[in-house]
Amino acid sequence: MIGSLQDARTELHARVLDRREEIEAALAARVFAISTPAESADPAYIDGLRSSLAAALEYGMDALRQGERRAPAIPTALTAQARMAARNGVELDVVLRRYVAGYAIFNEFVIEEAERSGLRQDEALQEALRGYAAVFDRLVAAVSEEHAREAAAQKSTTEEWRTDRVRRLLAGEPIDTTDLGYELKAHHLALLARGPGAQGAIRELAERIERPLLLISPERDLAWGWLRCRWGLDPNRVAELIESPPAQVTVGIGDSAYGLYGWRISHRQAQSAHTVAIRSPQRIARYREVALLASILRDELLVDSLRRIYLEPLDRHREGGDLLR
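This one's a predicted model, so the numbers in the text were calculated from it and none came from an experiment.

(A) Seen up close, the overall build of the protein chain. A tally of helices and strands in the protein chain yields twelve helices and six strands. When the backbone C-alpha atoms are referred to their principal axes, the protein chain occupies close to 75 × 60 × 30 Å. Counting across all 325 residues of the protein chain, residues that qualify as buried make up 45%. Within the protein chain, contacts between residues separated by at least 24 positions form 71% of all contacts whose residues are at least 6 apart in sequence. Carbon and sulfur atoms form 51% of the exposed surface of the protein chain, whose accessible area is close to 17,300 Å². Looking at the protein chain, you have 44 positive and 49 negative side-chain charges, and the mean spots of the two groups are 3 Å apart.

(B) Representation of the packing of helix 3 (residues 43-66) against helix 5 (residues 92-117) within the structure. Axis separation between helix 3 and helix 5 bottoms out at 11 Å; the angle between their running directions is 45°. Classified by the angle between their axes, helix 3 and helix 5 sit oblique to one another. As helix 3 runs across helix 5, the sense of the crossing is right-handed. Of the residues in helix 5, those in contact with Tyr 45, Leu 49, Leu 57, Gly 60, Met 61 and Leu 64 of helix 3 are Arg 98, Phe 106 and Val 110. Class assignment for the residues of the contact of helix 3 with helix 5 results in seven nonpolar, one polar and one charged.

(C) Expanded view of the pattern of salt bridges. With the rule as written, the count across this model stands at 26 salt bridges. The shortest N-O distance in the salt bridge between Glu 146 and Arg 83 comes to 2.9 Å. One end of the pair, Glu 146, is in helix 6 (residues 123-154); the other, Arg 83, is in helix 4 (residues 76-87), and 63 residues separate them in sequence. For Glu 146, a relative accessible area of 17% corresponds to the buried category. Residue classification places Arg 83 among the partly exposed residues on the basis of a relative accessible area of 27%. Residues Arg 288 and Asp 255 are paired through a salt bridge, measuring 3.0 Å at the closest nitrogen-oxygen approach.

(D) Spatial organisation of helix 2 (residues 20-33). For helix 2, spanning 14 residues, the distance from its first C-alpha to its last is 20 Å, which sits close to the expected 20 Å at 1.5 Å a residue. Taken as a whole, helix 2 has its buried residues at Ile 23, Leu 27 and Val 31. Relative to the axis of helix 2, the buried residues are bounded by an arc of 60° and lie together on one face. Residues of helix 2 that are exposed and point over 90 degrees away from its buried face: Glu 21, Ala 29 and Ala 33.

(E) Spatial organisation of the packing of aromatic side chains. If you walk through the whole model with that rule in mind, you get two aromatic pairs. Between the aromatic rings of Tyr 103 and Phe 136, the centroid separation amounts to 4.3 Å while the plane-to-plane angle is 25°, which identifies the pairing as stacked. Placement of the pair is Tyr 103 in helix 5 and Phe 136 in helix 6, with a sequence separation of 33 residues. When the ring of Trp 226 is compared with that of Trp 263, the centres are 4.6 Å apart and the planes differ by 20°; the resulting orientation is stacked. Of the two residues, Trp 226 sits in strand 3 (residues 222-229) while Trp 263 sits in helix 10 (residues 259-277), which places them 37 residues apart along the sequence. Trp 263 gets classed as buried once you look at its relative accessible area, which sits at 0%. The residue whose ring lies beneath Arg 228 is Tyr 182, and the NZ or CZ to ring-centre distance is 5.7 Å.

(F) Representation of unusual backbone geometry in the model. Phi is positive for Asp 221, close to 65°, though the residue is something other than glycine. With respect to the helices and strands, the residue Asp 221 is situated in the loop between strand 2 (213-219) and strand 3. When its relative accessible area of 33% is taken as the criterion, Asp 221 is described as partly exposed. Located in the positive-phi region is Arg 283, a residue other than glycine, with phi close to 65°. Position of Arg 283 relative to the elements: it lies in the loop between helix 10 and strand 6 (284-286). In this structure Arg 283 comes out as partly exposed when scored by relative accessible area, which is 22%.

(G) A nonpolar patch on the surface, seen in detail. A contiguous nonpolar patch, built from Leu 302, Leu 306, Ile 309, Tyr 310 and Leu 311 and spanning about 460 Å² of accessible area, is present on the exposed surface. Tracing the chain through its elements places Leu 311 in helix 12 (residues 300-311).

(H) Up close: the environment of Glu 22. Here Glu 22 lies in helix 2. Its relative accessible area of 42% is what places Glu 22 among the partly exposed residues. Separated by 87 residues in sequence, Glu 22 and Phe 109 place their C-alpha atoms 9.7 Å apart.

(I) Up close: the side chain of Asp 62. Here Asp 62 is to be found in helix 3. Contact partners of Asp 62, with chain neighbours within four places excluded, come to Gly 67 and Pro 72.

How each quantity is defined
Residue indices follow the written sequence of each chain, beginning from 1 at its first position. Local features in this predicted model are restricted to residues whose pLDDT is 70 or higher, and side-chain atom pairs enter the listing and the counts only when it is 80 or higher, whereas totals over whole chains, interfaces and linings include all residues. The basis for every side-chain value is the complete set of heavy atoms in the structure, and neither hydrogens nor water enter the calculation. The secondary structure listing takes helices from DSSP runs of H or I that are at least 4 residues long and strands from runs of E that are at least 2 residues long, numbered from the N terminus. Here the term buried applies to any residue with accessible area under 20% of the maximum for its type, exposed to any over 50%, and partly exposed to those in between, with areas from a 1.4 Å probe on protein chains only. Contacts are assigned to residue pairs that have any heavy atoms within 4.5 Å of one another. For accessible areas, the Shrake-Rupley method is used with a probe of radius 1.4 Å. Any residue's cover is judged against the shown protein chains and nothing else. In this charge count, Lys and Arg are treated as positive and Asp and Glu as negative; neither His nor the chain ends contribute. For charged residues, the charge sits on one atom: NZ in Lys, CZ in Arg, CG in Asp, CD in Glu. Where helices are involved, their axes are fitted lines through C-alpha atoms of the stretch in contact, as for all axes, and angles between N-to-C directions lie from 0 to 180°. Working definition: roughly parallel below 35 degrees, roughly antiparallel above 145 degrees, roughly perpendicular at 65 to 115 degrees, and oblique for all remaining angles. Handedness of a crossing follows from how the near helix is turned relative to the far one, being left-handed for an anticlockwise turn of less than a right angle and right-handed for a clockwise one. Residues are grouped as follows: Ala, Val, Leu, Ile, Met, Phe, Trp, Tyr, Cys and Pro are nonpolar; Asp, Glu, Lys and Arg are charged; all remaining types, including Gly, are polar. Throughout this description, the term salt bridge denotes a Lys or Arg side-chain nitrogen within 4 Å of a carboxyl oxygen of Asp or Glu. Under the convention used throughout, the expected extent of a helix is 1.5 Å for every residue step, that is, one less than its residue count. To be clear, the arc concerns the directions from the helix axis to the C-beta atoms. Any Phe, Tyr or Trp ring, taking Trp's six-membered ring, that has another such ring centre within 6.5 Å forms a pair; planes under 30 degrees apart are called stacked, those over 60 apart edge-to-face, and the others tilted. The criterion for a charge sitting over a ring is simple: Lys NZ or Arg CZ within 6 Å of the ring centre, and within 35 degrees of the ring normal. Exposure above 30% relative accessible area and the absence of a salt bridge qualify a residue for a patch, where like charges join within 9 Å and nonpolar side chains (Val, Leu, Ile, Met, Phe, Trp, Tyr) within 5 Å.

Right, here's the structure in full:
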C-alpha cells in the first residue's frame, strides 16, 4: 500500500507538472476575477499577488507529491502576501475566496490527470487527495492568522488610524474627514513615493512650495501624499522642484484635480505613474506624460498581444530582425 501510494503521487505529480503553464494561466484568470485589485490596490500588492500564484502552485504540487507528513513548510511569499493584503485593505474574505477557487481549479486538473492515467478509482489516489487537502487546510489557517495579525497591527497607533481613514475614503466610504486636518474642498495633486526617505522627499517638497500636505505611510518605505492649493498645481513644476529624488526613491505624480473625486483620481494617477517611474532612470514620472504607457504596463493581455503581433514576426527576418526592430 505504501509503495502504491507513493507511485500514485509520483505519477500524478509528473502529469500535473507537464501542464503547469496551463494551470497557472487558469489560476491567474480566476484569482483576478475575484474583486478588481488593479483599480484600488498598490502596484506592489498586485505584483505580489502574481508572484504568490506561482509560489502557491509550487507548494500544492509538492504537497501532492510528498503527502501531508512530508509536505514542505508554507512559503514565506504566501504569508508575506497575506500581510500585504491586510495593509492594502483587502478583506480576509477576498483572500480566502481566492485560495478556495485556486484549490478547486488545481483539484480539477489533478482529477482529470487521474482519469487519464487510470487511477480514478484507485484507493491510493483517494489517500493522496486527502493528504494534500489536509495541507491546504493548514495553508488557509496560516494565511488567515497572518492576515488577522497584520490587520490588527495596522490600527494600533494614531498614524495607522489615519491611514485606515484615508484608505476607506479612497474606497468611497462616506466618512467624517474633519480629524484628518486636511480640507478636501480644494484642488489636490497626489504623489506616491517608494524607497528609503520617501516621506521626507514629499514633506520637503510641501515645505518648499508652502502648500498644506496630507501624508501617510501605508507601509514601510511607501508614502502617499496630497498637496492642496486654491487653483491647482502644475505637475511639471512639482517634478522640477523635486529635482533628483533621494537614492532608491521613485516618485509618481498625478494631475491636479478638484474636490473629493479629484483627490481620489489624482492618487490613482500617481499610482499608475509610479509603475513607470520604477522603470525609469530619472525615477520620476508624471501621469500626463506616461498615461498610455502606464496603462499598457497594467494590461498583460495588451503587452502579450503587441509582442506577438508586432515583435515576434520580426524574428523571421535577417539577423533576427534586429535592424527592423
